[in-house]
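The primary structure of each chain is shown beneath.
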Amino acid sequence: MLALVLLGCTDPDPQKGAGKAEIPGLVPLPALVEPGRGAYTLDADTTIGAEGDALSSAELLAEGLRASTGLALPVEADGDVTLVVDPDAGLLPEGYTLDVDEGGVRIVGADAAGVFYGTQTLRQLLSPWALADAPVEGTWTVPAVYVEDAPRFPWRGYMLDVARHFFTVEEVERQIDRMALHKLNRLHLHLTDDQGWRIEIKSWPNLALIGGSSEVGGGPGGYYTQEELAGLVAYAAERHVLLVPEIDFPGHAHAALASYPELNESGVAPELYTGTAVISTPLWLEGEITWEFVADVWAEVLAVAPSVYVHIGGDEAIDVDGETYAAFVQHLQAVVAPRTAIGWDEVGPAGLAPPFVAQHWYDADNARAAVAGGGTLIASPAEHAYLDMVHDNRAEFGQTWAGPVNVEAAYVWDPAPSGVDEADVLGVEGALWTEYVDDEERLELMTWPRLAALAEVGWTPDEARLWRTFGERLGWHGARLEVLGVGYYRSPEIAWTSAADVD
Ligand code: TNX
């Protein structure tokens, strides 16, 4: 059934038809969108119905819509907007159906995540102003439609490098909210690097106190207490986002070495590093203390972040010979077991035991080696998925080594590198490295709208994706980002709709 209707989605104008409701541009595009006739309008009497596993999505939906519409929208067992989890509805994992007619809205999810994604589609079917965080005048009409939807990939991620520049809990929470609207479900926090250590480790307190005391450019840096990180884990989980912590070893360890003299072969701690160039100081792998240190760090991180997947780093271990590197990343895999280890693509040929995941960023040979060794892939090829690359040649800052990466480059690509089956690809992740991203304004400018393009690569069936129609939908989506207060890059490729021009 799904496959049949998908064909309909390649029609350049699937959403138009005589007498049919006009459907606003949805991002990411659902697998199937069939416009109906008429509409349902939220009003003072509208109730939201949900029980059990659907309840938390109902509360979040109601909370958001109350803020913008000023309507009461009580959550009750039965409602005009009904949310139901039904594992027997024949839906794929994270999938949902959404049915709107003049009598109301019904969302059925395969699981709690499916219901949540149904509510995200519902938010996009309303006026962009429904996303406002304070009451606005508006018509809260939902066009009649039938949506049947499920993601292409289970991994739809965003990596934020909080090590080169630190971002506060509130700043990270705002990005989680935005991820959720785009049906993204993995927040990968790059917690350590040469320029900073951002997570409190109680058995090695100087990591945060010294290693967390600065950042690129010499600013004050910062770190998350374990309690704060646990709070972020919970905040993300409520929005069906899994927080995946990365502790990057054995390279990129300068901040750790600067925090403890005894972690250095010389017995002397180097100065903190605040430059933008990648230096990738490696751990002292011959030192017994290093192995104790690594075990202590991971024991505490694993206790705070319950994710099935954790990221062991493994990139750019310049100056570490291949054999030593392989033995060490294999050791890291054992340290984090039974969690599934993810490493940057250099772990591909390093003999990790399946199951493991390689995050492909640079070298497709490494990615192929990972798959040959029984691993799966997260696709983050720099020329499509690196959000620190300049958008275009007008950019005033950003990396250029794999760029520019414009919206089209972020949208038009295949997550499976040549020679790899899609079945071996877990999904897609946009990565924001922050050497040149020192505040939230720049963070948003680099992340959006490209992360919206990547979200669609990760969610929408490939047969239903078309660059031209995506551009049109994204133009409309710009009004949503604007209402949310996202300072996104006005890519010249897109005809942006201004929120002021829509009801
Ligand atoms: C490469 S990608 C790195 C990062 C830099 C980035 C800058 C990867 C695994 N390593 O350390 O921040 O390039 O674009």
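Notes on the site of the ligand
Step number 1: Taken together, 14 residues sit near the ligand, with Arg164, Tyr386, Asp388, Trp401 and Glu435 positioned nearest.
Step number 2: Residue Glu316 places a side-chain N or O atom 3.1 Å away from a nitrogen atom belonging to the ligand.
Step number 3: In the model, an oxygen atom of the ligand is placed 2.6 Å from a nitrogen or oxygen of the Glu435 side chain.
Step number 4: Across the shell around the ligand, the residue classes tally to 7 nonpolar, 2 polar and 5 charged.

Section: the sheet that holds strand β8 (residues 155–161)
Step number 1: With respect to topology, 8 strands assemble into a closed barrel ordered β8-β9-β12-β13-β14-β15-β16-β17, the strand pairing being parallel. When strand polarity is set aside, the average angle formed by the axes of neighbouring strands in this sheet is 30°.
Step number 2: Examined bridge by bridge, strand β14 (residues 340–344) and strand β15 (residues 357–360) share 3 bridges and lie parallel to one another. In the strand pairing of β15, Ile342 is matched with Val357.
Step number 3: Contacting β12 (242–249), β13 (309–313) and β14, helix α9 (residues 322–336) crosses the sheet at an angle of about 155° to β13.

What to know about the nonpolar core
Step number 1: Counting residues in hydrophobic clusters, the biggest one holds 106 residues, and the most contacted among them are Leu189, Trp197, Tyr224, Phe249, Phe293 and Trp298.
Step number 2: Considering each element in turn, this core owes the most residues, 7 residues, to helix α8 (residues 288–304).
Step number 3: Other than its neighbours up to four places away in sequence, Phe249 contacts Trp197, Leu283, Phe293, Val294, Ile312, Gly313, Gly314, Phe328 and Leu332.

Some thoughts on the packing of helix α2 (residues 55–69) against helix α3 (residues 112–125)
Step number 1: It is the contact of α2 with α3, at a shortest axis distance of 9 Å, that shows an interaxial angle of 20°. Classed by the angle they form, the pair α2 and α3 counts as roughly parallel. In this structure, α2 meets α3 at a crossing whose hand is right-handed. On α3, the residues that touch Ser57, Leu60 and Leu61 of α2 are Ala112, Val115, Phe116, Thr119, Leu122 and Arg123.
Step number 2: Among the residues forming the contact of α2 with α3, the class breakdown is 6 nonpolar, 2 polar and 1 charged.

Description of the packing of aromatic side chains
Step number 1: Going through the model one piece at a time under the given rule, you end up with 21 aromatic pairs.
Step number 2: Aromatic side chains Tyr386 and Trp401 sit 6.0 Å apart centroid to centroid with 85° between the ring planes, which places their arrangement in the edge-to-face category. Of this pair, Tyr386 sits in the loop between α11 (382–385) and α12 (407–411) while Trp401 sits in the loop between α11 and α12; the two residues are 15 residues apart in sequence, bridging distant segments of the chain.
Step number 3: Residue class for Trp401 comes out partly exposed when judged on its relative accessible area of 44%.
Step number 4: Ring geometry for Tyr411 against Phe470: centres 4.1 Å apart, planes inclined by 10°, an arrangement best described as stacked. On the criterion of sequence distance, the pair formed by Tyr411 in helix α12 and Phe470 in helix α15 (residues 467–484) is long-range, its members being 59 residues apart.

Parameters and conventions
Residues numbered from 1 in each chain as written. Predicted model: local features only at pLDDT ≥ 70, side-chain atom pairs only at ≥ 80, totals over all residues. Heavy atoms only, no water. Near = heavy atom within 4 Å. Polar contact = N/O pair within 3.5 Å; in protein donor to acceptor, adjacent residues only side chain to side chain. Nonpolar A, V, L, I, M, F, W, Y, C, P; charged D, E, K, R; others polar. Pairing = 2+ DSSP bridges. Helix = DSSP H or I, 4+ residues; strand = E, 2+ residues; numbered from the N terminus. Axes fitted to C-alpha atoms, helices over the stretch in contact; angles between N-to-C directions. Contact = heavy atoms within 4.5 Å. Core = buried A, V, L, I, M, F, W, Y, C linked by side-chain atoms within 4.5 Å. Buried < 20%, exposed > 50% of the residue type's maximum accessible area, 1.4 Å probe, protein only. Parallel < 35°, antiparallel > 145°, perpendicular 65-115°, else oblique. Left-handed = near helix turned anticlockwise from the far one by under 90°. Phe/Tyr/Trp six-rings, centres within 6.5 Å; stacked < 30°, edge-to-face > 60°.

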